[in-house]
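Observations on the three-dimensional arrangement
Chain residues, written in single-letter form:
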Amino acid sequence: MTTRPDTQSPALHVADSHDLIRVHGARENNLRDVSVEIPKRRLTVFTGVSGSGKSSLVFSTIAAESQRMINETYSTFVQGFMPTQARPEVDVLEGLTTAIIVDQQRMGADPRSTVGTATDANAMLRILFSRLGEPHIGSPAAFSFNTASVRASGGITVERGADKTRTVKATFSRTGGMCTRCEGRGTVSDIDLTQLYDDSKSIAEGAFTIPGWKSDSFWTVRLYAESGFLDPDKPIRKFTKKEMQDFLYREPTKVKVEGVNLTYEGLIPKIQKSFLSKDKEAMQPHIRAFVERAVTFTTCPECEGTRLSEAARSSKIKKISIADACAMQISDLAEWVRDLDEPSVAPLLTTLQETLDSFVEIGLGYLSLDRSSGTLSGGEAQRVKMIRHLGSSLTDVTYVFDEPTIGLHPHDIQRMNNLLLRLRDKGNTVLVVEHKPETIAIADHVVDLGPGAGTAGGTICFEGTVGGLRAGGTVTGRHLDDRAALKETVRKPTGTLEIRGATTNNLQSVDVDIPLGVLCVVTGVAGSGKSSLVHGSIPAPEGVVSIDQGAIRGSRRSNPATYTGLLDPVRKAFAKANGVKPGLFSANSEGACPNCNGAGVVYTDLAMMAGVAITCEECEGKRFEASVLEYHLGGRDISEVLAMSVTEAEEFFGAGEARTPAAHKILTRMADVGLGYLTLGQPLTTLSGGERQRLKLATHMAEKGGVYVLDEPTTGLHLADVEQLLGLLDRLVDSGKSVVVIEHHQAVMAHADWIIDLGPGAGHDGGRIVFEGTPTDLVAARSTLTGRHLAAYVGT
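Residues numbered from 1 in each chain as written. Predicted model: local features only at pLDDT ≥ 70, side-chain atom pairs only at ≥ 80, totals over all residues. Heavy atoms only, no water.

1. Some details on the sheet that holds strand 5 (residues 99-102)
Read across the open sheet, the six strands follow the order 5-14-15-3-16-17; overall the sheet is mixed. Strands at the two margins of the open sheet, each flanked by one partner only, are strand 5 and strand 17 (459-464). Sheet twist, expressed as the average angle between the axes of neighbouring strands with direction ignored, equals 15 degrees. Pairing of strand 16 (residues 445-450) with strand 17, which is carried by five bridges, proceeds in the antiparallel orientation. Bridge pairing links Gly450 to Thr459 in strand 17. Sitting on the sheet, helix 14 (residues 410-425) is in contact with strand 3 (43-47), strand 14 (398-402) and strand 15 (429-433), with an inclination near 150 degrees to strand 15. (Pairing = 2+ DSSP bridges. Helix = DSSP H or I, 4+ residues; strand = E, 2+ residues; numbered from the N terminus. Axes fitted to C-alpha atoms, helices over the stretch in contact; angles between N-to-C directions. Contact = heavy atoms within 4.5 Å.)

Here it is as structure tokens:
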């Protein structure tokens, strides 16, 4: 008798046996032949000290290869429009699924990019208003501040059949929502002419006060003096109306100066092209200072900062225009949309409602859709990117997160943990690079890299459960349950910075005295107004040094040595020891290898295929001409010095033949901020947000500023490194500096001399001071969310 199939015990189908992502022989960056097996459909947390290789394994190996293989499924035509990626340095990668990367990269800072345009919310609102808005003004484009109105008419040639052509009159029009005055930016710029020239002088007398405009410059001053439009010997204030028009606003015009054909144009458009169209952060300090003096940005008087035309603002639904809707706090906008009941757009309302509810659920309900995306912090930007994935129907994909708890108050971390678990429970693989013990604790699987950073890291120290990590004896395991104690005695302030009636963003007429000469921590839930208070309201006298996590400007040639100014004393030391010019020891100048121009690699663009970077055959990646490498300092050539870690270089330049006090001082500051593992020649583009901030801190520590303002300096720091950071902050304060820190990390709060807590909630529910005093008093009172979490942290 045969047994019926449905009564047999089910055997594991071969398709269900692929439940691991296998990595074998990974060598990206500092990884040393790493092999690891990661369970699918589980939450795996990767941890380890800063620079241990976590991102190299997760982002540069697993996620990069997954994305590369997906891109290869498209046609070569489509691939030509996509970013190209080279195959990671790894022997075997098996079991990969589609990777969705949610990282901390800041969103574009274009003034036309907002929270609404970066998600689908703004597009859906535009459709909603084009359907329901009264009066009806047109299609969704009529509500877009990125779309200009266009009208055209003329003759067009129509070809029909053989030799049959005729001209037809045609008109075209498109109604856009862009404000014509500010062109959708919300602000207009005015140039202060008194900062450009001294009108009591003539051009010949040197009237221009613009940096770099020398009296003998053929392209600037002499062009104006000899153009024939102006009298170079007449004081500018005595110019006729026509001369003033030509001087300030004339359209580009061809002129001949001393037999050379040049283009003359008015001073204002010339300044706008040469200064205002460039990135301020990339400018030299004195040029940036000039631009900040000469240019003022004010809210557009026509659209009142909404970026929208009058017609777009006139169309309303229940007395609310699209400008009003975008200016609302998202949690309030969600309620307004929920009250709309219109069957004709029901599917649209449902989708819009889900998107707005996702903002609230993820802890971003305090934002508004018209908030410029460039003003979001790294943590906020990462959570905005998460919005589109929360309601996704996709399963069996790999979500990759880079420290998703950045910028989150301890109160909000539980909410983020729940989201990660939800993604996992839908059948997805969730990979998280994280340092916070609260998130490590919920992991199904932990991979700990180390044991050190840079060349001392790149190996797997532990794989297994959280319990196994605690008992494993690794650096992470030992520090997982670390708790900083409250200070027994706190420093006394030496003065105060007064803030009165602060109303920046959501601040509700805040009055507070920020103590000087102490370590002051400003805290509160995400969106409570911390950055608005510290960055937007602290008076900025001489001596206030503000250090954030913004990107460091520079090309792939820029590195820690060039950014900190370390290379200058190093080049001089080499030049002095060998009796040659310092310029020889610059890979961007005379000493560069002629084959690769000092890049160390030769780039080959292969169109839609991944570009290839081949190590230069002539210099073997050392970036310098062979003759330059014959010059030595302390037995090392310049390429060997740039290959050193900060710790190694600090020892090298501290004593012996290579002793260079100026270089040693900079290296000591870099080591003090926890960057001892960085290589001097490592491209700046490879640094994380936390590493960038600490590099900026090391650079600014040389300045004479009396007040240091830091924005979450624990970002990207391992538990073991936080103690070193606290020691650095103490040294800064003990040396006479005042340190103000925006921070959520309880160890920094416990170590503070003074705490200012904002809240009680986010957005319009925050913006008030709910506590100011010592950490001990905050814990004793337990009157705020911060107080309760800090009390639980210190175990009182």
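2. Details of helix 25 (residues 719-734)
Look at helix 25: 24 Å from first C-alpha to last across 16 residues, which is about the 22 Å you get at 1.5 Å a residue. Within the span of helix 25, buried status applies to Leu719, Asp721, Val722, Leu725, Leu726, Leu728, Leu729, Asp730, Leu732 and Val733. One or two positions beyond helix 25, positive phi appears at Gly736, with a value near 105 degrees. (Expected span 1.5 Å × (residues − 1). Buried < 20%, exposed > 50% of the residue type's maximum accessible area, 1.4 Å probe, protein only.)

3. Let's talk about the confidence of the model for the protein chain
The pLDDT averaged across the protein chain works out to 85; a share of 92% of its residues lies at or above 70. In this model, residues 1-5 is a region of pLDDT below 50 whose contacts with residues beyond four sequence positions or in other chains number one contact. (pLDDT = per-residue confidence, 0-100.)

4. Description of the packing of helix 11 (residues 330-338) against helix 12 (residues 346-361)
Relative to each other, helix 11 and helix 12 sit at 155 degrees, their axes nearing to 9 Å. Here helix 12 runs roughly antiparallel to helix 11, going by the angle between their axes. With respect to the hand of their crossing, helix 11 and helix 12 are arranged in left-handed fashion. Along the contact surface, helix 11 presents Ile330, Ser331, Leu333, Ala334, Val337 and Arg338, while helix 12 presents Leu349, Leu352, Gln353, Leu356, Asp357, Phe359 and Val360. (Parallel < 35°, antiparallel > 145°, perpendicular 65-115°, else oblique. Left-handed = near helix turned anticlockwise from the far one by under 90°.)

5. Details of the nonpolar core
Formed by 70 residues in total, the largest nonpolar core has its most connected members in Phe653, Leu680 and Leu790. Counting residues per element, this core draws most heavily on helix 25, which supplies seven residues. Ignoring sequence-local partners within four residues, the contact set of Phe653 consists of Val570, Leu633, Val641, Ala658, Arg659, Thr660, Ala663, His664 and Leu667. Phe145, Ile322, Leu408 and Phe462 belong to the second-largest nonpolar core, a separate cluster that totals 65 residues. (Core = buried A, V, L, I, M, F, W, Y, C linked by side-chain atoms within 4.5 Å.)

6. Quick word on the side chain of Thr476
For Thr476, the location among the structural elements is in helix 17 (residues 475-479). Polar contacts involving the side chain of Thr476 include one to the side chain of Asp448, which spans 2.9 Å. Excluding residues that lie within four positions of it along the chain, Thr476 makes contacts with Thr47, Gly48, Asp448, Leu469 and His718. (Polar contact = N/O pair within 3.5 Å; in protein donor to acceptor, adjacent residues only side chain to side chain.)

7. Some points on the packing of helix 4 (residues 121-132) against helix 12
Here helix 4 crosses helix 12 at 150 degrees, and the two axes come no closer than 10 Å. One element, helix 4, and the other, helix 12, form an angle in the roughly antiparallel class. Handedness of the crossing formed by helix 4 with helix 12: left-handed. Contacts between helix 4 and helix 12 involve Ala121, Met124, Leu125, Ile127 and Leu128 from the former and Leu348, Leu349, Thr351, Leu352 and Thr355 from the latter. Looking at the contact of helix 4 with helix 12 residue by residue, the classes come out as eight nonpolar, two polar and no charged. (Nonpolar A, V, L, I, M, F, W, Y, C, P; charged D, E, K, R; others polar.)

8. Considerations on the side chain of Arg694
Along the polypeptide, Arg694 turns up in helix 24 (residues 689-700). Exposure remark for Arg694: the relative accessible area of 2% places this residue in the buried category.

9. Observations concerning the sheet that holds strand 25 (residues 738-742)
Sheet strands pair by backbone hydrogen bonding; their relative direction is either parallel or antiparallel. The strand order 21-24-25-20-26-27 describes an open sheet built from six strands, whose pairing is mixed. Edge positions in the sheet fall to strand 21 (544-547) and strand 27 (768-773), since each of these pairs with one other strand and no more. Taking each pair of neighbouring strands and ignoring which way they run, the sheet shows an average axis angle of 15 degrees. Lying over the sheet, helix 25 contacts strand 20 (519-524), strand 24 (707-711) and strand 25, oriented at roughly 145 degrees with respect to strand 25.

10. Description of the packing of aromatic side chains
Applying the stated criterion across every chain yields a total of 13 aromatic pairs. Pairing Tyr399 with Phe401 gives two aromatic rings, centres 6.4 Å apart and planes at 20 degrees, and the pair type is stacked. As far as the burial class goes, Tyr399 and Phe401 line up, both buried. One aromatic cluster in this structure is built from Tyr197, Phe208, Tyr224, Phe229, Phe239, Phe247 and Tyr264. Sitting above the plane of the Phe229 ring, Arg250 keeps its charged end 4.0 Å from the centroid. (Phe/Tyr/Trp six-rings, centres within 6.5 Å; stacked < 30°, edge-to-face > 60°. Lys NZ or Arg CZ within 6 Å of the ring centre and 35° of its normal.)

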